[in-house]
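Notes for the structure review
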Amino acid sequence: MSTHPGFSTRAVHAGQAPDRTTGAVIPPIHLTSTHLQDGIGNLREGYEYGRAGNPTRAALEQQLAALEGAAHGISFSSGLAAEDALLRGILKPGDHIVIGNDVYGGTYRLIAKIFDAWGVTHSVVDLGNLREVQGALRAETKVLWVETPSNPLMKVTDIAELAEVGHAAGVTVVVDNTFATPALQQPLALGADVVVHSTTKYLGGHSDVIGGAIVLNDDALYETVRFQHFAAGAVSSPFDAYLTSRGIKTLDVRMERHSANAQKIAEFLEGRAGVERVYYPGLESHPGHALAAQQMSRFGGMLSVALSGGEKAARRFAERLSVFTLAESLGGVESLVNYPSAMTHASVAGTDLAVPENVVRLSVGIEDVDDLLADVDGALARTSKKR
Ligand SMILES: *Cc1c(COP(=O)(O)O)cnc(C)c1O
């Protein structure tokens, strides 16, 4: 590799060198729970018990760190397990966290139900309103939690600006980079302290594995989170780590196609009869378009659409698509449709995070865009006919 390999070169090669013993080009999946010791405490390459370390997981962790040019990556059994370990590493009872008003529902539940019961308080703010963010930061605040673009309304917030505001208040600035992925957005380079991924989504990319990751540069915080990972045990399995590594190798080409397809679908939907509004940062009409163009290299594969016929129309549209599969989750090669207010966001109904009932979220896959457009067109026609 050259001294400064590009993104895809790192995605393909970091941590993925051929096996030294057999020459296998693809590193093996180390399905083992423990490792031979050549004498008591005399370990081969540091491996002993599998919760503490596994070569397949370590290979993925190198790859995860390399995607953002970071010093450290840690691979967890899910995105929420990663978030939990990070927050337990940073927060103590009495501390306070600031989150956005459209944070991922599972993150909100973790903070509002589990950390709240443990004595950690939180404030929900509009991350696009700097005054409001500054007003919410107080002496006990330890974490500012940022997610952009947000789910499902695709709000774009300024990572560099929020990092500055957070650092002025002495807090750790965390960015959930699941929607954009490091292929499109590099939060550490923009000033954030920690990146969180649900690798279940675009990094794995094939809807066949649940996983999460923490990526960061700070050595002390890394040791703290690594200890949580080991001591509480939410590690990824060797097979899951392998699947995630395999997915990451094609991340950049997938994100290119996801973004191109989503752009075309967003443009097709905008202004169409039956459509009230399209939420996609690649549209010039999107309030965060200019910021997204500056902060991201492409606009991603996620979009939401508000139907003008209210809840009924939204439900019909979601159920009448056929190339798009009706299912929760996102980021796989196949297109998915989700009705947030009764599916992914049902648990936040009645809170600050409730999603309007006429909104449908699309995770645009890498299929032929003409087939996706025909599907959307047909479902929209069948939605309005029966109204
Ligand atoms: C899915 C998701 C998570 C949680 O990850 P899991 O792998 O489901 O635990 C966190 N943040 C975002 C933005 C997500 O989409």
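Residues numbered from 1 in each chain as written. Predicted model: local features only at pLDDT ≥ 70, side-chain atom pairs only at ≥ 80, totals over all residues. Heavy atoms only, no water.

1. Thoughts on the nonpolar core
If you look at the biggest cluster of nonpolar residues, it comprises 61 residues, and the most contacted ones within it are Ile-265, Leu-269, Leu-303, Phe-317, Phe-324, Val-360 and Leu-362. When residues in this core are grouped by element, the largest group, seven residues, is from helix H10 (residues 251–269). Counting only domains with at least three residues in this core, you end up with domain 1 (7–248) and domain 2 (252–384). Every residue in contact with Leu-303, bar those within four places of it in the chain, is listed here: Met-154, Ala-262, Ile-265, Ala-266, Leu-269, Tyr-279, Tyr-280, Val-360, Arg-361, Leu-362 and Val-364. Residues Ile-74, Leu-86, Leu-91 and Leu-353 belong to the second largest nonpolar core, which totals 29 residues. (Core = buried A, V, L, I, M, F, W, Y, C linked by side-chain atoms within 4.5 Å. Buried < 20%, exposed > 50% of the residue type's maximum accessible area, 1.4 Å probe, protein only. Helix = DSSP H or I, 4+ residues; strand = E, 2+ residues; numbered from the N terminus. Domains from an automatic or database assignment. Contact = heavy atoms within 4.5 Å.)

2. A closer look at the packing of helix H3 (residues 79–90) against helix H8 (residues 219–232)
Describing two packed helices takes the angle between their axes plus the distance from one axis to the other. It is the contact of H3 with H8, at a shortest axis distance of 9 Å, that shows an interaxial angle of 120°. Put simply, H3 runs oblique to H8. Note that H3 runs across H8; the crossing there is right-handed. For the pair H3 and H8, the contacting residues are Ala-85, Leu-86, Arg-88, Gly-89 and Ile-90 in the first and Leu-221, Thr-224, Val-225, Gln-228 and Ala-232 in the second. For the contact of H3 with H8, the per-class residue count stands at six nonpolar, three polar and one charged. (Axes fitted to C-alpha atoms, helices over the stretch in contact; angles between N-to-C directions. Parallel < 35°, antiparallel > 145°, perpendicular 65-115°, else oblique. Left-handed = near helix turned anticlockwise from the far one by under 90°. Nonpolar A, V, L, I, M, F, W, Y, C, P; charged D, E, K, R; others polar.)

3. So, the pairing of strand S1 (residues 72–76)
S1 sits mainly inside the fold: five of its five residues count as buried. Along S1, one buried face is formed by His-72, Ile-74 and Phe-76 and the opposite face, lined by Gly-73 and Ser-75, is buried too. As judged from the five bridges shared by S1 and strand S7 (residues 212–216), these two strands associate in the antiparallel manner. In the strand pairing of S7, Ser-75 is matched with Ala-213. (Pairing = 2+ DSSP bridges.)

4. A few points about the sheet that holds strand S4 (residues 141–147)
What the seven strands build is an open sheet, ordered S1-S7-S6-S5-S4-S2-S3; its pairing is mixed. Taken across any chain shown, the strands that pair with only one partner, and hence form the sheet edges, are S1 and strand S3 (121–125). Between one strand axis and the next, the sheet turns through 20° on average, direction left out of account. Lying on the sheet, helix H2 (residues 55–67) is in contact with S1 and S7; it crosses S1 at an angle near 130°. Strand contacts of helix H6 (residues 159–168): S4 and strand S5 (172–176), with the helix running at about 155° to S5, the strand carrying the most contacts.

5. Side note on the site of the ligand
Residues in contact with the ligand amount to 13 residues; listed here are only the nearest, Leu-80, Asp-176, Ser-198, Thr-200 and Lys-201. Here Asp-176 contributes a side-chain N or O atom positioned 2.6 Å from a nitrogen atom of the ligand. Within the side chain of Lys-201, a nitrogen or oxygen atom sits 2.7 Å from an oxygen atom of the ligand. If the ligand stood free it would expose 380 Å²; the protein chains cover 93% of that surface. Per-class residue counts for the shell around the ligand are three nonpolar, six polar and four charged. (Near = heavy atom within 4 Å. Polar contact = N/O pair within 3.5 Å; in protein donor to acceptor, adjacent residues only side chain to side chain. Areas by Shrake-Rupley, 256 points an atom, 1.4 Å probe, with all protein chains shown as cover.)

6. Regarding the packing of aromatic side chains
Tallying each qualifying case throughout the model produces two aromatic pairs. Both rings, one in Phe-239 and one in Tyr-242, keep their centres 6.1 Å apart while their planes meet at 35°; by these two values the pair is tilted. With Phe-239 and Tyr-242 both in helix H9 (residues 238–248) and three residues apart, this pair spans about one turn of that helix. Taking the relative accessible area as the measure of exposure, Phe-239 reaches 42% and is therefore partly exposed. Residue placement shows Arg-272 over the ring face of Phe-268; its charged tip is 3.8 Å from the ring centre. (Phe/Tyr/Trp six-rings, centres within 6.5 Å; stacked < 30°, edge-to-face > 60°. Lys NZ or Arg CZ within 6 Å of the ring centre and 35° of its normal.)

7. Focus: the pattern of salt bridges
In this structure the tally under the stated criterion is eleven salt bridges. Across the salt bridge formed by Asp-38 and Arg-44, the nearest N and O atoms sit 2.7 Å from each other. Arg-88 is the salt-bridge partner of Asp-84, the closest N and O atoms lying 2.7 Å from each other. Placement of the pair is Asp-84 and Arg-88 together in helix H3, with a separation of four residues, close to one helical turn. By relative accessible area, Arg-88 is classed as partly exposed at 26%. One connected set of salt bridges, linked through shared partners, spans Lys-92, Asp-95 and Lys-142. (Salt bridge = Lys/Arg side-chain N within 4 Å of Asp/Glu carboxyl O.)

8. Examining the domain arrangement of the protein chain
On domain assignment, one finds that the protein chain holds domain 1 (7–248) and domain 2 (252–384). The interface of domain 1 with domain 2 comprises 37 residues on the first partner and 39 residues on the second. Across the domain 1 to domain 2 interface the summed buried area is about 3000 Å²; carbon plus sulfur atoms make up 62%. Of all residues in domain 1, Met-154, Leu-184 and Tyr-202 give up the largest surface area on contact with domain 2, accounting jointly for 26% of the area buried on that side. One can count zero salt bridges joining domain 1 with domain 2. There are 14 residue pairs in polar contact (both at pLDDT 80 or more) connecting domain 1 and domain 2. Only helix H1 (7–13), helix H4 (105–117), H6, helix H7 (181–184) and H9 provide two or more residues apiece to the side of domain 1 that touches domain 2. (Buried area = accessible area lost by both parts, 1.4 Å probe.)

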